[in-house]
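# A closer look at the structure
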Amino acid sequence: MATSLSSSPNPTFSYDNNHYRIGIVTAAWNHHITDVLKQGALDTLDAIGTKQSLEIVEISVPGAFEIPTAAQWLFENGCDAVINLGCVIKGDTPHFDYVCRAVTDGIGRLALKFSKPCIFGIITTNTEQQAFDRAGGSLGNKGSEAAEAALWMLLSKSTLDI
């Protein structure tokens, strides 16, 4: 997401009376960035929590590669949505490509496997400054946007007769 969802033409939702259990997986690698992403997600969920019943379950993992495994554990333990937060900064080796592909594929597979929102809040940048810009800097907070996306998906699903 390039900009905040709040500026997007998102549909108007009437909040339902459902209780949602939302997991947040945060990679410890580049914690000076991922901690800011997590705080953005928590702040957004806290603001919405006054309108919607939310339970937040947090787990920390060593790096971005481990995120899909933890997200699966959260789904297996009753989470309705999982917000995945990490930061992968490109270096001089193809490691960046392998990690980004594995995390992207893993998160996508989990969303389909569990038919639940598994939100990609992984910052993938060329430089640390680009990561800072996306973690509360000039380009907003992608953690907050990931929380908005999780809520949007949960509320969209609640409007379906399924």
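Described below are features of the structure shown in this document.

Reading the values: the criteria
Residues numbered from 1 in each chain as written. Predicted model: local features only at pLDDT ≥ 70, side-chain atom pairs only at ≥ 80, totals over all residues. Heavy atoms only, no water. Helix = DSSP H or I, 4+ residues; strand = E, 2+ residues; numbered from the N terminus. Expected span 1.5 Å × (residues − 1). Buried < 20%, exposed > 50% of the residue type's maximum accessible area, 1.4 Å probe, protein only. Polar contact = N/O pair within 3.5 Å; in protein donor to acceptor, adjacent residues only side chain to side chain. Pairing = 2+ DSSP bridges. Right-handed = clockwise from strand over helix to strand, strands pointing away.

Before going further, it helps to examine helix α5 (residues 142–158). With 17 residues, α5 ought to run about 24 Å at 1.5 Å a step, and its terminal C-alpha atoms sit 24 Å apart, in line with that. All of the buried residues in α5 are K142, G143, S144, E145, A146, A147, A149, A150, L151, L154 and L155. Backbone nitrogen of G143 and a side-chain oxygen of the N-cap are separated by 2.7 Å at the start of α5; the cap is N141.

Among the structural elements, T159 can be located in the segment after α5. At a separation of 2.6 Å, a polar atom in the side chain of T159 contacts the main-chain carbonyl oxygen of S156.

Most of strand β3 (residues 81–89) is tucked away: eight of the nine residues are buried. Both strand β1 (residues 19–27) and β3 contribute to a ladder of five bridges, which runs parallel. Each residue of the ladder has a partner; that of V25, found in β3, is N84. Across eight bridges, β3 lies against strand β4 (residues 118–125) in parallel orientation. Note that in β4 the partner of V82 across the bridge is C118. You can see the chain leave β3, run along helix α3 (residues 95–114) and come back into β4, and the turn it takes is right-handed.

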